[in-house]
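Structural description and commentary
One letter stands for each residue in the lines below.
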Amino acid sequence: MKLFRKKVKTPQEPQYYTSSTNLQTLNYKVYYMKTWEKIFYFMLAFAVGAFVGYLFYGGIGKDEFGDPTALTRILDIGISSVTGLAAGKLFLPIRTEQIIHKRRSQLNSQFRDMLEALNTSLGAGKNVMESFAAVNEDMKIQYEEDAFIINELKVIMAGMANNDEIETLLEDFGRRSGIDDIVSFANVFRICKQKGGNTKETVRSTHEILSEKMEIREDIETVVTANKSEQNMMLVMPVLLIGMIKMTSEDMAANFVKPTGILASTIAIVLFAVSYVIGKKVLDIKV
């Protein structure tokens, strides 16, 4: 007798939390697209994938005179649909990761500015609560109202007004951000508060380290930007070359629908895809 175990579906990590003061807080580690976003990005990727599929494999099944047959039309529609669906399915998680990366990069940059303002306020002799209040006003001048750091400072200010510990609020911020620099700052800040350390020196040192890391990251990004552009061009180049060949030479284009041409095109696509993935990993330098 076989025993069947029912699969337990793992609950999704929420995109939003609720703070102790009933404010909505953002989980920067995940992003769930709205329905219209999924449809838009899927259709965009589907159109590109269907076009590429038709460009590489369109025209298969022609008769001996080079005229399209019913099989040609069926294969054109079928192959284009399959490549379009595959492109749409693959692109959605890629686009989601791009959005998450962009949000966290913005938050990290804004957090550095917050630390700079906090360091200035503490250096002027203000206590922690007064310094965060001053930082909140400074960030409102520097950023738009919907900026990530503005929303986070709203949560921190509301929490302090509710007598929540500032170190607990910072730890919650770091946990939701998923950014090592913010997590480390929150941990160091808690230890400093518990052990009676120099908060001003802690903030100053953290700001200096974070600034140096971001400067190094920006320098690396500047160096590899040209390589990333070349990588993107190499990804588009096969599509452009095949398109030019098929538009300018019918005899050459006919070779692509032969078995050897189909095999060569498939191998080329696989090689370019693999090289793109490898190149992306090589150029993704962590600091």
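Scroll up for the structure.
Because the structure is a prediction, the values reported are computed rather than measured.

Rules used in this analysis
- Residues numbered from 1 in each chain as written.
- Predicted model: local features only at pLDDT ≥ 70, side-chain atom pairs only at ≥ 80, totals over all residues.
- Heavy atoms only, no water.
- Helix = DSSP H or I, 4+ residues; strand = E, 2+ residues; numbered from the N terminus.
- Rg over C-alpha atoms; globule rule 2.2 N^0.38 Å.
- Buried < 20%, exposed > 50% of the residue type's maximum accessible area, 1.4 Å probe, protein only.
- Contact = heavy atoms within 4.5 Å.
- Areas by Shrake-Rupley, 256 points an atom, 1.4 Å probe, with all protein chains shown as cover.
- Expected span 1.5 Å × (residues − 1).
- Bend = angle between axes of the 7 residues up to and from the residue.
- Patch = residues over 30% accessible without salt bridge, like charges linked within 9 Å, V, L, I, M, F, W, Y side chains within 5 Å.
- Salt bridge = Lys/Arg side-chain N within 4 Å of Asp/Glu carboxyl O.
- Core = buried A, V, L, I, M, F, W, Y, C linked by side-chain atoms within 4.5 Å.

Turning next to the overall build of the protein chain. Within the protein chain, the secondary structure is distributed over nine helices and two strands. The order of helices and strands in the protein chain, counted from the N terminus, is β-β-α-α-α-α-α-α-α-α-α. The C-alpha atoms of the protein chain give a radius of gyration of 27 Å, which is well past the 19 Å a tight globule of 287 residues would have. Overall, the protein chain is about 90 × 60 × 40 Å in size when its C-alpha atoms are taken along their principal axes. The buried share of the protein chain, reckoned over its 287 residues, is 34%. Here the analysis covers contacts within the protein chain between residues at least 6 apart in sequence; of these, 62% occur between residues at least 24 apart. By element, 62% of the accessible surface of the protein chain is carried by carbon and sulfur atoms, the whole surface being about 18500 Å².

Given a rise of 1.5 Å per residue, 50 residues ought to cover 74 Å, and the 70 Å separating the end C-alpha atoms of helix α7 (residues 199-248) matches this to within 8%. At V224, α7 shows its strongest bend, of approximately 40°.

A few words now on a nonpolar patch on the surface. Taken together, the side chains of V270, V274, I278 and V282 make up a nonpolar region of the molecular surface, amounting to roughly 360 Å² of accessible area. Considering the arrangement of structural elements, one finds I278 in helix α9 (residues 259-283).

Time to look at the nonpolar core. Within the largest apolar cluster, 33 residues are counted, with the highest numbers of intra-cluster contacts made by M114, F132 and M139. With seven residues, the top contributor of residues to this core is helix α2 (residues 70-123). The contacts of M114, once residues within four sequence positions are left out, are F132, V135, M139, I149 and L153.

Inspection of the entire model under this criterion finds nine salt bridges. With a closest N to O distance of 2.5 Å, R190 and E171 form a salt bridge. Pair noted here: R190 is in helix α6 (residues 180-195) and E171 is in helix α5 (residues 166-177), with a separation of 19 residues, a long-range link. K213 serves as the salt-bridge partner of D181, at 2.7 Å between the closest nitrogen and oxygen. Of the two residues, D181 is situated in helix α6 and K213 in helix α7; the sequence distance between them amounts to 32 residues. Residues joined in a network through salt bridges with shared partners are E152, D172, R175 and R176.

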